[in-house]
Every structure is written in structure tokens, then in C-alpha cells.
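Residue-level structural notes
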Amino acid sequence: MPKLQGFEFWRNTLRGAHYVVAPMVDQSELAWRLLSRRHGAQLCYTPMLHAQVFVRDANYRKENLYCDVCPEDRPLIVQFCANDPEVFVQAALLAQDYCDAIDLNLGCPQMIAKRGHYGAFLQEEWALLQRMILLAHETLSVPITCKIRVFPEIDKTVKYAQLLEKAGCQLLTVHGRTKEQKGPLAGVASWEHIKAVRKAVSIPVFANGNIQYLSDVVECIQKTGVHGVMSAEGNLHNPALFEGRNPVVWEMTEEYLEIVHQYPCPLSYVRAHLFKLWHHTLQIYQHLREELAKVKTLDGIAEVNRELKLRCQEEIANQKEGEKPKGGLPFFHWICQPYVRPGPKEISMENGNEGSMRGKRALEDEEDGNSDILSKNKQKKKLRNPNKSFDPSLKPKYAKCDHCGNPKGTKCVFNLCRGCCKKRSFKETADCPGHGLLFKTKYEKSLLWKSSQAELLKIERLQQGAVEETEGFKEGVDAIL
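Now for a description of the structure that goes with this document. Keep in mind that what you see is a predicted model, and the values were worked out from it rather than measured. Once a new chain begins, its residue numbering starts again from 1 and follows that chain's sequence as written. Thresholds applied to this predicted model are a pLDDT of at least 70 for local features of residues and 80 or more for the giving and counting of side-chain atom pairs; totals over whole chains, interfaces and linings are not thresholded and use all residues. In computing side-chain properties, one takes all heavy atoms of the structure into account and sets aside hydrogens as well as water.

1. A closer look at the environment of Trp126
What counts here: Helix and strand labels come from DSSP, where a helix needs a run of H or I of at least four residues and a strand needs a run of E of at least two; each type is numbered from the N terminus. Accessible area is worked out with a 1.4 Å probe on protein chains only. A residue is then buried under 20% of its type maximum, exposed over 50%, and partly exposed in between. Note on contacts: a residue pair qualifies if any of its non-hydrogen atoms lie within 4.5 Å across the two residues.
Looking at where Trp126 falls in the secondary structure, it is placed in helix α7 (residues 126-139). On the basis of relative accessible area, Trp126 is assigned to the partly exposed category, the value being 22%. Along the backbone, Trp126 and Leu104 are 22 residues apart, and their C-alpha atoms lie at a distance of 14 Å. If we skip the residues at most four places from it in the chain, Trp126 touches Phe151, Lys156, Lys159, Tyr160 and Leu163.

2. Points about the pairing of strand β5 (residues 101-106)
Along any regular strand, the residues point their side chains to alternate faces of the sheet. We apply this condition: Should DSSP find at least two bridges between two strands, the strands are regarded as paired. The handedness rule is simple: strands pointing away from the viewer, and a clockwise path from the first strand over the helix to the second, make the crossover right-handed.
Most of β5 is tucked away: 6 of the 6 residues are buried. Both faces of β5 are covered, namely the face carrying Ala101, Asp103 and Asn105 and the face carrying Ile102, Leu104 and Leu106. Bridging between strand β4 (residues 76-81) and β5 involves 4 bridges; their strand directions are parallel. Considered in β5, the bridge of Phe80 is made with Leu104. On the question of chirality, the crossover connecting β4 to the parallel β5 by way of helix α5 (residues 85-95) is right-handed.

3. Side note on the pairing of β4
Along β4, 6 of the 6 residues are buried, which leaves the element largely enclosed by surrounding structure. Both faces of β4 are covered, namely the face carrying Leu76, Val78 and Phe80 and the face carrying Ile77, Gln79 and Cys81. Here 2 bridges tie strand β2 (residues 43-45) to β4, and the two strands are oriented parallel to one another. Bridging across to β4, Cys44 finds its partner in Leu76. Inspection of the sheet shows strand β3 (residues 49-50) paired to β4 by 2 bridges, in the parallel sense. Bridging from a neighbouring strand, Leu49 pairs with Phe80 of β4.

Below you can see the structure in the form of C-alpha cells.
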């Protein structure tokens, strides 16, 4: 059967999906996808997978895709992050039989993506992206799609989208924020950018950003003309978003926990989902927040969930007529609803120090060890080890690989990381003692062995010939006698 492309792919394979659950690291696992599908989602993405790890690690493949096969979980798109065309295609080939399309992540703005040189930090490398998408388009049996972030300039964003389409991208998801817009600096996504891309390309376009209610989905489609709308944060706080409902939190958590019993996933995923769903309630019952953070079993999490449900039901029973939600919330805290991330000014005012605001996890603005501004994780590490320092000046500085930007081997003869060094050494039949790669030495040894084997074979043949001559001589003598 020929591979469907563009609108045929969207209409037939993706069944004309309008409501889409975003790829979310450690959050869009099978159990969550099934919950979302039961409540209106028409298409789901897997969490972002690392192409290089997916290729080399069979356990990683099994844990993240192969063991998650479920007939209900379709249509499904598998997303990879990658910066090497060959590695990306190798990973995609291993995944293509388990999904309906392969997506290339070009939208991750996090610092880990900057360090690994993938996601939104590839958006200036148009030649590389062309090669990656073209190779995938020509090799895979399923379509290739992309998820991008916008540039500040609409014109540049449009040219970027057209380049991806020309290379072979069959569906484009546009997150209407730049790579700098993240965390407290996220701001509002630009639907104008998305609208311009939709008009400029002839493939289906999904919009991502500013989706908190079903009414936002409808408005986005009307204003931008996109074919579908993707939700991440909105879906995490209200899995029934695409149904246009705001159910009580425990309805969603209990259903989710039932699915987890059937399709297990790491406890950290479950805990993270409950932190999102119960977000507003946990601001009130802080001791239960701490309890949820500590429990080590699924039964323990279910017990905390029951306790939270009980507290909320008590509040509802004692509620006065005409009472309104507190804290500026649109609904009472036990109702699934959006979490509006505070901006930098709001955070700094909450902290009582306007000058203390800094970009989330910014590499340039790493903390200097002062516990007053350390992240919660670092404060926990400090408690476990009081002598630990987070002063960036004390951290070892790693030189970058000349090819991919990852840390290079200190003793590498090519000034590359191990992965790039292995490729080059193999290609050039060279040695790199620093990485323990001995292609040249092994090749020379194999030639030597082959040569010695040939010599041995020659000697054996000579010996055999001499034996045959001796036997022939004896036979001749016997005949004379």
C-alpha cells in the first residue's frame, strides 16, 4: 500500500483529528493517553524519545514503546529528538511498525535540549534539518511530521515551515512561542504566526499554545484556520478538556489509577500527574502534598488520593450558599481547571524581592550556592550533603565536540565525543586510544592473521604433496620388486 501524504494522511490515517494530546516527557505515557482518549482526545503523541538511546538500548525500546502496544491507542505518533540524520532514521525504522507517523522534535526549549543540541536549538540549522527530513521521508513506510517553535519574525517562521514542507514533512505542529518563551517567561502564544504558516503551506497544520478550555480550541481553529489543536498543560490539569467538561478531580484521578493498574508505568509518572490534577487543592493541604511526595507505592498514592477526596467532600458538605471560589480561581479547587503560570513580576512580588527573579534553569544564570535562591531539588541535595556546592565556577568545564557540541573526550585524538569519534574511526579505519577504539589495530591484526593462515595452508599443501610423492615412490618400488 502506498504511503499516504499530507491531507490524505490526516483524513484517513489520523481520521481527521482535531483534538490532539501533545508529546510530554514522562507524562504522555500509555495510561494517560488512554484516559485522554476516553475524554475526547482524537490523536496522541508518545513522550519525546531520544533517537540515539532508542537505537542502542533494547530495554529503552521495550519500556517506552514495544510493551505499550494497545489497539485503543491509535492513531499514535512517536516523537524523537535527534541531530543526526542516520541515527534518526535508524530509530524511526525500529518504531514505524508501532505507530502511524514519526515526529521530529524541533520545539523543546529546555536547557537539556541546548546541551544535547536538539529540539528548538536546531531551528537555525536548516541544511541539517532538510537532510534529516528528506532521508526519513524517502526511507520510512510511515509519514514524517514536525513540531516547531516560531521565530520572533513571522516571515522567517513562514520560510522555515516551507523549508520543512519541501523536505518531506507531511504535517506541521506550530507552537506559537519562541524558544526563549518558557517557564515564567512563557507569555502568550502568537496565533498570528500560526495563521501565517497555515496560509503559506499546503499540508495540515496543528496549533499549540493558549489552550485552557474547549472554547479556546474552537476560537483557535476559527482565527487561524488550522486543522487541529494540540494541548499539553491544559490536558495535564484537565484530561476532559476536549469534552468541554470540568469534572471533579477525583473522578479523573480514580479513573487514571484504574488504567495504571492495567497498564503500569513508573511511579514518578503517576505522582507527577496527581500533582498536576490536585494542584490547587494541594496548595491548601500542604501536609498531604508532602505525603504524596514521600509515598513509595501505587497503593500509597491511592490512599493520599482518597484522603484528598475526603477533605474536599467535607468542604462541599460545609459549603455556604452563594460561596465563591477563593484565590481568584474560576472554579472551586476540587474542580479540574487550568493552572495559569505566574509571570516574572508576580513571582518576584510573591518572593518579596523584585530583583531575585531569574530565568528558570538558565545555564547562564546558575545559582552561586546561596540556599535562598536554590531550586527545591538543589535544596534537598544540600540537606543530604551540607558541603555540596552549586557554584558554577567550581564545576569542571567541558570542551565541546567539534562535530555535535556534546562534551568531547579529553584524550580523543580527533577532539570528538565518543559517538562522533566512533563513526570517524570506523570510516577512516583509525585508532583512538582515548576512547578505546582500535579499528586500525584490529584491521592490521586481521590482515596478519589472514596472512599467517595462508602461509599455514601453503605449508600444509607442500607437506601433503611430499607425502603423496613418497607414497607414489613406494608404490613404484613395490611394483618393480
